[in-house]
Each structure stands twice: as C-alpha cells, then as structure tokens.
Amino acid sequence: MGRIVAAFRCRLDLPLANSTVMLEFLALKHPLLVHLPVGAALLLPLALIAAQRPGRGIKPWWITCRYLAWAGILGLACAMVSGWLWARHLGLIPPGKLLAPQLLKPSAEQWLQVAIWKHQMAAITSAVLGLLTLMASYRKRLEHQGFGLIALFLGLLWCGASLTAGFYGGKMAHPPISATPSQGPLATVAEPADPEADAPLRALDFGSLEPIQAEPVRSTTHGNRWVRVWVTPSGSDAYRAGKPLPPGAYAVMSSLEDRWGRPSFESGPLYMLETLADGKSSLTYYWPRVPEAKRGETGGQASAYWRGKNPNLESCMGCHFKGQAPIDERSNWRTPRRVKPEGEAISSAPTE
C-alpha cells in the first residue's frame with residue numbers, strides 16, 4: 001500500500017516537475033477557471049426549481065439541470081487541479097502533500113494558511129455535493145414527473161459550498177486591510193505603510209510579466225537551479241539588449257531545483273531586481289519554505305525574505321550593483337531534448 005501511495009504522489013508531481021507550460025497556462029489561470037463552476041452552481045437551483053412542476057413539457061428542464069450539473073462538475077475539476085498546482089508553486093502546500101496543513105492555533109499573521117485550508121475544504125465539499133447532485137439528476141422518473149426534492153436539496157447545498165469556496169478564494173486574493181479607529185461619523189481606512197513588508201507581492205505575480213526565455217535554463221551562479229526571467233513590459237526591450245532597466249521597471253527570476261539534470265517539482269528562491277526612481281538597483285530574495293537540506297544557503301532560516309540593504313544580499317550585489325547581468329554572462333543551458341540510446345550518456349552541455 002505504501003508503494004502505491006508513493007507512486008500516486010509521484011504521478012501527481014510529474015506535471016509540475018516536467019511542464020512549465022502547464023504551470024503558465026493552467027495554474028496561473030486558476031482565478032479565471034473558478035468562474036465556470038461557481039456560475040453553474042448558482043444557476044442550477046433556478047433550473048431545479050423550474051423542473052419540480054409535473055406535467056407535459058417538463059422534460060426539457062431535466063436536460064437543462066443535467067447540462068448545468070455537468071458544466072459545474074467539469075469546471076470544478078479544472079479549477080481544483082489548477083488551484084492545487086498554483087498553491088504548490090507558491091509553497092502553500094508542502095511537497096508530497098495533497099492538502100494545505102491545518103493550523104490548530106494560528107496566529108494573526110497566518111491568516112493565509114487558514115484561508116487556503118478552508119478554501120480547499122469547501123472545494124472538496126462542493127465536489128462531493130456536485131457528484132451527488134449529478135447522480136440524483138439521472139434518477140429514474142416518468143416523463144411527466146418533476147425532478148424531485150432530493151436533487152433540489154443537493155443542488156442548494158452545492159450552491160452554498162461553491163459560494164463558501166469562492167468567499168475564501170476572494171479573501172486570499174484581496175487580503176483584509178486594517179482600519180483606523182473612527183474619529184467621527186465615518187471611519188477612515190488606513191493605507192498600509194509598506195504593502196510588501198511580509199511578502200514581495202509584485203514578484204509573486206511574475207506570471208503576468210513578459211517572459212524572456214521560452215523555457216527554464218540552468219544557472220550555475222544561482223545554485224545550479226533552473227531559472228526563468230520575467231520582466232515588466234516597460235523594461236523587456238532594455239533587458240534583452242543588455243541595457244539598464246528604466247526607473248520603475250523590474251525583473252523577476254523564478255527558479256526550480258535541479259533533479260538529475262532536469263527541472264524538478266521543488267520550487268527554489270524567487271529573485272527580483274528593480275530599478276528605483278534614482279536609477280539605483282534594489283534586490284529582493286524570497287524563499288517562503290526552505291527545505292531542511294538547503295537551509296545552509298539561508299543561514300539556517302526556514303523562510304527567507306531579504307531586500308534592499310539586507311546584509312545577506314551583499315554577495316548578490318557584487319554582480320548586480322549595475323543592474324541585470326550582461327548578455328554574455330547569462331545562462332542558456334537548456335533541458336536536453338533528444339533521448340539517447342541505452343548505454344549512451346545524455347549530454348547536458350549548454351546549447352547556443
């Protein structure tokens with residue numbers, strides 16, 4: 001049984017380990033994919049209520065209910081897979097696990113971990129209720145009979161579970177903002193002094209930037225990891241030409257750990273290089289969950305977030321004090337494409 005579970009988990013890790021394209025086109029599209037199952041679950045109770053009337057002409061409402069149920073189930077499957085991939089990529093789900101850990105006594109700073117656990121539980125409940133609703137929609141009935149109260153009851157529960165999952169998903173996408181005490185009839189909302197005090201929000205949204213490489217390349221100067229650079233549109237031309245980024249532009253480098261000469265499923269650090277208004281460069285290093293075997297790189301820290309004038313970035317500034325690395329120093333060490341015959345070594349030399 002242990003081998004079966006290990007093999008199942010290994011198969012779940014294969015898409016993330018070997019397909020960066022899937023991560024871009026599926027995982028990062030999770031906010032878009034969730035709209036279909038939520039919309040279907042919201043519309044289904046209306047069709048179920050209309051299908052309760054017995055008599056002639058009621059059968060088309062059966063088809064409508066089944067169509068919405070199938071649309072909700074299929075859309076929910078895509079949303080759950082993309083959400084799991086996205087959470088794994090951000091380090092919110094530990095490697096080898098299917099669910100985010102449940103915190104029994106969370107602190108105020110751990111609201112994100114609490115929200116994603118509730119989001120997952122609501123999504124799983126929604127999937128179970130959706131399947132039960134779909135099964136109830138195919139219950140045997142005469143052509144003049146109504147759809148039945150069982151399907152209506154399950155559909156209403158499914159709708160509630162979908163709304164709950166959407167609520168916690170929206171809570172993660174739009175974090176709560178603390179309000180200042182009211183000094184009069186209207187309370188004023190205080191703007192956060194530093195929106196990136198706890199995490200590099202712009203860097204985490206690197207998928208919305210313009211990719212420089214079509215696929216990850218291995219960088220020996222960044223721990224022999226597989227990296228990919230993303231740049232704001234205002235600075236992409238300058239980056240490709242090897243020129244300094246204009247003020248306000250920034251580049252983000254995502255990384256994956258190396259596994260036998262290929263990108264693995266394990267996310268590495270996230271790097272960000274920004275050109276400030278005065279033309280100087282500012283570095284950011286973010287590794288939310290450092291594996292125990294790699295903590296020597298972070299001085300033993302289980303989580304690292306360094307930026308600006310942090311002393312830990314001095315070695316990085318030795319290469320980036322003038323901005324991004326020159327073109328001739330950038331890596332183009334790509335994943336080997338051709339499968340060699342048995343007994344012949346696979347070359348991992350850099351390609352031009």
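This one's a predicted model, so the numbers in the text were calculated from it and none came from an experiment.

Moving on, we come to the overall build of the chain. For the chain, the count of helices and strands is 10 helices and eight strands. Residues counted as buried form 38% of the 352 residues belonging to the chain. Of the contacts made within the chain by residues no fewer than 6 positions apart, 58% connect residues no fewer than 24 positions apart. Total accessible area on the chain stands at roughly 20,900 Å², and carbon and sulfur atoms take up 64% of it.

Our next topic: the packing of aromatic side chains. Enumeration over the complete set of coordinates arrives at five aromatic pairs. The interplanar angle of 75° and the centroid separation of 5.1 Å between the aromatic rings of phenylalanine 167 and tyrosine 168 together place this pair among those described as edge-to-face. When the centroid spacing of 5.2 Å and the interplanar angle of 55° are considered together, the rings of phenylalanine 206 and tryptophan 230 count as tilted. Of this pair, phenylalanine 206 sits in the loop between helix H8 (201–204) and strand S1 (210–211) while tryptophan 230 sits in strand S3 (residues 225–231), and the two are 24 residues apart along the sequence. You can call tryptophan 230 buried: its relative accessible area is 4%. Through successive ring pairs, a cluster of aromatic residues spans Tyr271, Tyr285 and Trp306. Taking NZ or CZ as reference, arginine 66 lies 4.6 Å from the ring centre of tyrosine 138, over its face. The residue whose ring lies beneath arginine 202 is tyrosine 250, and the NZ or CZ to ring-centre distance is 5.1 Å.

The residue alanine 249 is located in the loop between helix H9 (236–241) and strand S4 (250–259) in this model. For the pair alanine 249 and serine 234, spaced 15 residues apart in sequence, the C-alpha separation works out to 6.2 Å. The residues touching alanine 249, leaving out its near neighbours within four places in the chain, are Thr232, Ser234, Gly235, Leu273, Glu274 and Thr275.

Another aspect to go through is the packing of helix H5 (residues 59–89) against helix H6 (residues 111–137). In the contact formed by H5 and H6, the axes pass within 10 Å of each other and the chain directions differ by 155°. By the angle class used here, H5 and H6 are roughly antiparallel. Both H5 and H6 take part in a crossing whose hand is left-handed. On H6, the residues touching Arg66, Ala69, Trp70, Ile73, Leu76, Met80, Trp84 and Ala87 of H5 are Ile116, Gln120, Ala123, Ile124, Ser126, Ala127, Gly130, Leu131, Leu134 and Ser137. Its residues placed into classes, the contact of H5 with H6 shows 13 nonpolar, four polar and one charged.

To continue, consider the packing of helix H4 (residues 35–50) against helix H7 (residues 149–173). Running from N to C, H4 and H7 point in directions that differ by 155°, and their axes come no closer than 9 Å. In terms of axis orientation, H4 runs roughly antiparallel to H7. The hand of the H4/H7 crossing is left-handed. In this structure, H4 uses Val38, Ala41, Leu42, Leu44, Pro45, Leu48 and Ile49 to contact H7, whose residues at the interface are Ala151, Leu152, Gly155, Leu156, Trp158, Cys159, Ser162 and Leu163.

What follows deals with the environment of alanine 241. Here alanine 241 shows up in helix H9. On the basis of relative accessibility, which here comes to 41%, the residue alanine 241 falls in the partly exposed class. It is 9.1 Å that separates the C-alpha atoms of alanine 241 and proline 326, two residues lying 85 residues apart in sequence.

About the criteria used
Residues numbered from 1 in each chain as written. Predicted model: local features only at pLDDT ≥ 70, side-chain atom pairs only at ≥ 80, totals over all residues. Heavy atoms only, no water. Helix = DSSP H or I, 4+ residues; strand = E, 2+ residues; numbered from the N terminus. Buried < 20%, exposed > 50% of the residue type's maximum accessible area, 1.4 Å probe, protein only. Contact = heavy atoms within 4.5 Å. Areas by Shrake-Rupley, 256 points an atom, 1.4 Å probe, with all protein chains shown as cover. Phe/Tyr/Trp six-rings, centres within 6.5 Å; stacked < 30°, edge-to-face > 60°. Lys NZ or Arg CZ within 6 Å of the ring centre and 35° of its normal. Axes fitted to C-alpha atoms, helices over the stretch in contact; angles between N-to-C directions. Parallel < 35°, antiparallel > 145°, perpendicular 65-115°, else oblique. Left-handed = near helix turned anticlockwise from the far one by under 90°. Nonpolar A, V, L, I, M, F, W, Y, C, P; charged D, E, K, R; others polar.

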